[in-house]
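# Architecture at a glance
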Amino acid sequence: MNIFRILGDVSHLLAIIILLLKIQKSKSCAGISGKSQILFALVFTTRYLDLFTTFISVYNTVMKVIFLICAYITVYMIYVKFRKTFDRENDSFRLEFLLVPVTGLSFLENHSFTPLEILWTFSIYLESVAILPQLFMISKTGEAETITTHYLFFLGLYRALYIANWVWRYYTENFYDQIAVVSGVVQTIFYCDFFYLYITK
């Protein structure tokens, strides 16, 4: 494990904590896309099924459990605890536009045609587009709270650090995962406009 991977994981976790603290402190989920959070919960669920079959390290296991718990707590806060503050009207991105092609692609392009591998591949492809409902919501309303922009910044930073992680692993371990790298680059591209606005704001 290298510093880019660790910093990427920390940035990812920090993004989630910022979002959860924002919801809890304000007792509102205004400006947050519940649909994006559902997709992220689905990403973690389908990716971390190997918790039941494979042990890699204590760090790996703990991080997976934390991400799973945080994802479902976020969904619970949006759709149950603070549902009256949820902006359903503007969170209108149609998830089938993402789920159908991602599902089809995960069956067509994967490392091996086994249930766990297809689900892992599905999670990688889905993560690359899971933020789109949130970005769509921001473009529709024309505004985003400061906390929400911090959340998106650290999510984008997590993806950028993971690209650095893959470059490092390629040169030090001769490791290259085309599915993860291409999907990660696509996901990072979605954040480029946001990064520019965040930095110049």
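Remember, it's a predicted structure, so these values are computed and weren't measured experimentally.

One finds Phe-44, Tyr-151 and Leu-155 to be the most contacted residues of the largest nonpolar core, which totals 49 residues. Going through the elements one at a time, helix H1 (3–26), helix H2 (34–47), helix H3 (58–81), helix H4 (96–108), helix H5 (115–129), helix H6 (132–141), helix H7 (146–173) and helix H8 (178–200) are the ones with two or more residues in this core. Of all the elements, H3 adds the most residues to this core, at 8 residues.

Turning our attention to the packing of H2 against H3. Two packed helices can be described by the angle between their axes and the distance between those axes. Axis separation between H2 and H3 bottoms out at 9 Å; the angle between their running directions is 155°. The angle between the axes of H2 and H3 places the two elements in the roughly antiparallel class. Here H2 and H3 pass one another in a crossing that is left-handed. On H3, the residues that touch Gly-34, Lys-35, Gln-37, Ile-38, Ala-41, Phe-44 and Thr-45 of H2 are Phe-67, Leu-68, Ala-71, Tyr-72, Thr-74, Val-75, Ile-78 and Tyr-79. Its residues placed into classes, the contact of H2 with H3 shows 10 nonpolar, 4 polar and 1 charged.

This part covers empty space enclosed by the protein. Tallying each qualifying case throughout the model produces 1 cavity of 30 Å³ or more. In this structure, the largest cavity spans a volume of roughly 80 Å³. Together, His-12, Ile-16, Leu-19, Gln-37, Phe-40, Phe-44, Cys-70, Ala-71, Thr-74, Tyr-151 and Leu-155 line the largest cavity. Only H1, H2, H3 and H7 provide two or more residues apiece to the lining of the largest cavity.

So, on to the pattern of salt bridges. If you walk through the whole model with that rule in mind, you get 6 salt bridges. When the shortest N-O distance is used, the salt bridge between Asp-9 and Arg-5 registers 3.2 Å. Placement of both Asp-9 and Arg-5 in helix H1 is noted, with a separation of 4 residues, approximately one turn of the helix. Residue classification places Asp-9 among the buried positions, given a relative accessible area of 5%. Its salt-bridge partner being Arg-47, residue Glu-127 comes within 2.7 Å of it at the nearest N-O pair. Of this pair, Glu-127 sits in helix H5 while Arg-47 sits in helix H2, placing them 80 residues apart in sequence.

Calculation notes
- Residues numbered from 1 in each chain as written.
- Predicted model: local features only at pLDDT ≥ 70, side-chain atom pairs only at ≥ 80, totals over all residues.
- Heavy atoms only, no water.
- Core = buried A, V, L, I, M, F, W, Y, C linked by side-chain atoms within 4.5 Å.
- Buried < 20%, exposed > 50% of the residue type's maximum accessible area, 1.4 Å probe, protein only.
- Helix = DSSP H or I, 4+ residues; strand = E, 2+ residues; numbered from the N terminus.
- Axes fitted to C-alpha atoms, helices over the stretch in contact; angles between N-to-C directions.
- Parallel < 35°, antiparallel > 145°, perpendicular 65-115°, else oblique.
- Left-handed = near helix turned anticlockwise from the far one by under 90°.
- Contact = heavy atoms within 4.5 Å.
- Nonpolar A, V, L, I, M, F, W, Y, C, P; charged D, E, K, R; others polar.
- 1 Å grid on protein atoms, 1.4 Å probe; cavity = no way out; pocket = protein on both sides within 12 Å on 5 of 7 lines; lining within 4 Å.
- Points joined across faces, edges and corners; volume = space filled by probe spheres on them.
- Salt bridge = Lys/Arg side-chain N within 4 Å of Asp/Glu carboxyl O.

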